[in-house]
Amino acid sequence: TIADFLIKNGADFTTHDSAGRAPLHAAVNCRSVKMAELFCKAGADPNMKASKYEIAGPVSSKDYYYVIFRIADEETPLFHAIHNAHTEMVKCLLKHGADPTLSNGKGITPVQMAEQHMQEENRPDYKQKHRDILALLQQAIRNSGSSPKP
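Residues numbered from 1 in each chain as written. Predicted model: local features only at pLDDT ≥ 70, side-chain atom pairs only at ≥ 80, totals over all residues. Heavy atoms only, no water.

## Some remarks on the overall build of the protein
- Along the backbone of the protein there are seven helices and two strands.
- Taking all 150 residues of the protein together, the buried fraction comes to 43%.
- Considering only intrachain contacts with a sequence separation of at least 6, the fraction spanning at least 24 residues in the protein is 65%.
- If you sum the accessible surface of the protein, you get close to 7,900 Å²; carbon and sulfur atoms cover 53% of it. (Helix = DSSP H or I, 4+ residues; strand = E, 2+ residues; numbered from the N terminus. Buried < 20%, exposed > 50% of the residue type's maximum accessible area, 1.4 Å probe, protein only. Contact = heavy atoms within 4.5 Å. Areas by Shrake-Rupley, 256 points an atom, 1.4 Å probe, with all protein chains shown as cover.)

Okay, here's the thing in structure tokens:
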């Protein structure tokens with residue numbers, strides 16, 4: 001796989017591309033838990049904040065696809081997994097040390113982001129995904145005894 005090739009050839013997981021994304025951000029945005037897992041095991045920092053950039057990505061919902069446009073403002077890969085309502089990715093990132101208390105450049109924490117998505121979501125399946133993500137984040141915070149950080 002591409003991930004294996006990058007790891008085998010000593011890829012630097014701390015670098016950003018011209019759009020401000022680190023390799024782990026790209027793996028999360030591609031919704032590849034396997035790639036994210038490999039990158040984390042190879043030393044990618046799950047708490048690295050991306051620069052500000054615009055992102056567009058396909059999101060499937062049963063029989064159709066649409067595109068989300070947003071500006072990522074110093075967000076960690078965990079924020080991207082929350083935006084994507086990707087529960088398994090959130091689990092992967094938390095397992096590899098993602099800090100659920102780190103806020104983005106706007107001062108929003110992952111918990112606040114998940115709560116916002118849960119409130120704004122109209123589709124029951126995605127609302128439930130955000131509810132599940134919120135529970136995972138809250139459990140991780142309880143387990144760590146942490147409080148929100150800038």
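## A few points about a nonpolar patch on the surface
- Taken together, Ile2, Phe5 and Leu6 make up a surface patch of nonpolar side chains, about 310 Å² in accessible area.
- You can see Leu6 is positioned in helix α1 (residues 2–8). (Patch = residues over 30% accessible without salt bridge, like charges linked within 9 Å, V, L, I, M, F, W, Y side chains within 5 Å. Salt bridge = Lys/Arg side-chain N within 4 Å of Asp/Glu carboxyl O.)

## Structural notes on the packing of aromatic side chains
- Enumeration over the complete set of coordinates arrives at zero aromatic pairs.
- Seen from the ring of Tyr126, Lys129 lies directly overhead, with NZ or CZ sitting 4.6 Å from the centre. (Phe/Tyr/Trp six-rings, centres within 6.5 Å; stacked < 30°, edge-to-face > 60°. Lys NZ or Arg CZ within 6 Å of the ring centre and 35° of its normal.)

## With respect to helix α6 (residues 110–120)
- Taken together, the buried positions of α6 are occupied by Pro110, Val111, Met113, Ala114, His117 and Met118. Projected down its long axis, α6 shows its buried positions confined to an angular sector of 160°, all on one face. Across from the buried face of α6, at angles greater than 90 degrees, the exposed residues are Gln119 and Glu120.
- The elements touched by buried residues of α6 are α4 (77–83) and α7 (124–144). (Arc of directions from axis to C-beta.)

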